[in-house]
Amino acid sequence: MSGTTAPRHHHQDHRDDTPAVALGPLSLILGVIAALGTWPTLAFFMLPWSIITGGLAITFGIAGIHYARRGIGGMGTAVAGTTLGAIGLAGVLTLLAAFVV
């Protein structure tokens, strides 16, 4: 009997089924919610949501960019979510700074 008896494993790289793929789209959704707080008529209603979702969109977006550079997930959605989250968070902080000064 020739050959090996060890089973052969076919290594397939499944980079599309990891949870890191969801970081970009999640960041985009949270960023859109945070950016709604910059709309003048929604500013006070969305104030607490913009703070929470803006910070989370930036955090998940940066993690999504990190993984996208390694080939896991999409770069465009992660960058868009991070940008929208930063816009939403900056809008809320600007609004709060106007009342402090």
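The structure presented is a predicted model; accordingly, all values stated were derived computationally and were not measured. (Residues numbered from 1 in each chain as written. Predicted model: local features only at pLDDT ≥ 70, side-chain atom pairs only at ≥ 80, totals over all residues. Heavy atoms only, no water.)

**Some points on the packing of aromatic side chains**
Logical step 1: Throughout the structure, instances matching the rule amount to one aromatic pair.
Logical step 2: Look at Phe-44 and Phe-99: their rings are 6.2 Å apart centre to centre, the planes differ by 50°, and that puts the pair in the tilted class. Placement of Phe-44 in the loop between helix H1 (23–35) and helix H2 (47–68) and of Phe-99 in helix H3 (residues 75–100) is noted, with a sequence separation of 55 residues between them.
Logical step 3: A relative accessible area of 58% places Phe-99 in the exposed class. (Phe/Tyr/Trp six-rings, centres within 6.5 Å; stacked < 30°, edge-to-face > 60°. Helix = DSSP H or I, 4+ residues; strand = E, 2+ residues; numbered from the N terminus. Buried < 20%, exposed > 50% of the residue type's maximum accessible area, 1.4 Å probe, protein only.)

**Description of the packing of H1 against H2**
Logical step 1: Interhelical geometry of H1 versus H2 gives an angle of 155° and a closest axis separation of 8 Å. By the angle class used here, H1 and H2 are roughly antiparallel. As for how H1 packs across H2, the hand of that crossing is left-handed. In this structure, H1 contributes Leu-23, Leu-26, Ser-27, Leu-30, Gly-31, Ile-33 and Ala-34 to the contact, and H2 contributes Ser-50, Thr-53, Gly-54, Leu-56, Ala-57, Phe-60, Gly-61, Ala-63, Gly-64 and Tyr-67.
Logical step 2: Considered class by class, the residues forming the contact of H1 with H2 number ten nonpolar, seven polar and no charged. (Axes fitted to C-alpha atoms, helices over the stretch in contact; angles between N-to-C directions. Parallel < 35°, antiparallel > 145°, perpendicular 65-115°, else oblique. Left-handed = near helix turned anticlockwise from the far one by under 90°. Contact = heavy atoms within 4.5 Å. Nonpolar A, V, L, I, M, F, W, Y, C, P; charged D, E, K, R; others polar.)

**What about the environment of Gly-24?**
Logical step 1: With respect to the helices and strands, Gly-24 occurs in helix H1.
Logical step 2: It is 7.0 Å that separates the C-alpha atoms of Gly-24 and Gly-73, two residues lying 49 residues apart in sequence.
Logical step 3: In this view, Gly-24 contacts Thr-77 and Ala-78; residues no more than four positions away in its chain are not counted.

**Focus on H3**
Logical step 1: Over its 26 residues, H3 extends 37 Å from the first C-alpha to the last, a length consistent with the 38 Å expected when each residue adds 1.5 Å.
Logical step 2: Looking at the buried side of H3, the elements it contacts are H1 and H2. (Expected span 1.5 Å × (residues − 1).)

**Examining H1**
Logical step 1: With 13 residues, H1 ought to run about 18 Å at 1.5 Å a step, and its terminal C-alpha atoms sit 18 Å apart, in line with that.
Logical step 2: Turning to H1, the residues buried within the fold contact H2 and H3.

**Things to note about the side chain of Ser-27**
Logical step 1: Counting through the fold element by element, Ser-27 comes out in helix H1.
Logical step 2: Overall, the relative accessible area of 0% leaves Ser-27 in the buried class.
Logical step 3: When residues no more than four places from it in sequence are discounted, the contact partners of Ser-27 are Ala-57, Phe-60, Gly-61, Ala-78, Gly-81 and Thr-82.

**Section: the confidence of the model for the protein**
Caution applies to low-pLDDT regions: their predicted coordinates should not be interpreted in detail.
Logical step 1: Considering every residue of the protein, the mean pLDDT works out to 87; 83% of them sit at 70 or more.
Logical step 2: Here H3 stands out as the least confident element of the protein, with mean pLDDT 93; H1 is the most confident, with 96. (pLDDT = per-residue confidence, 0-100.)

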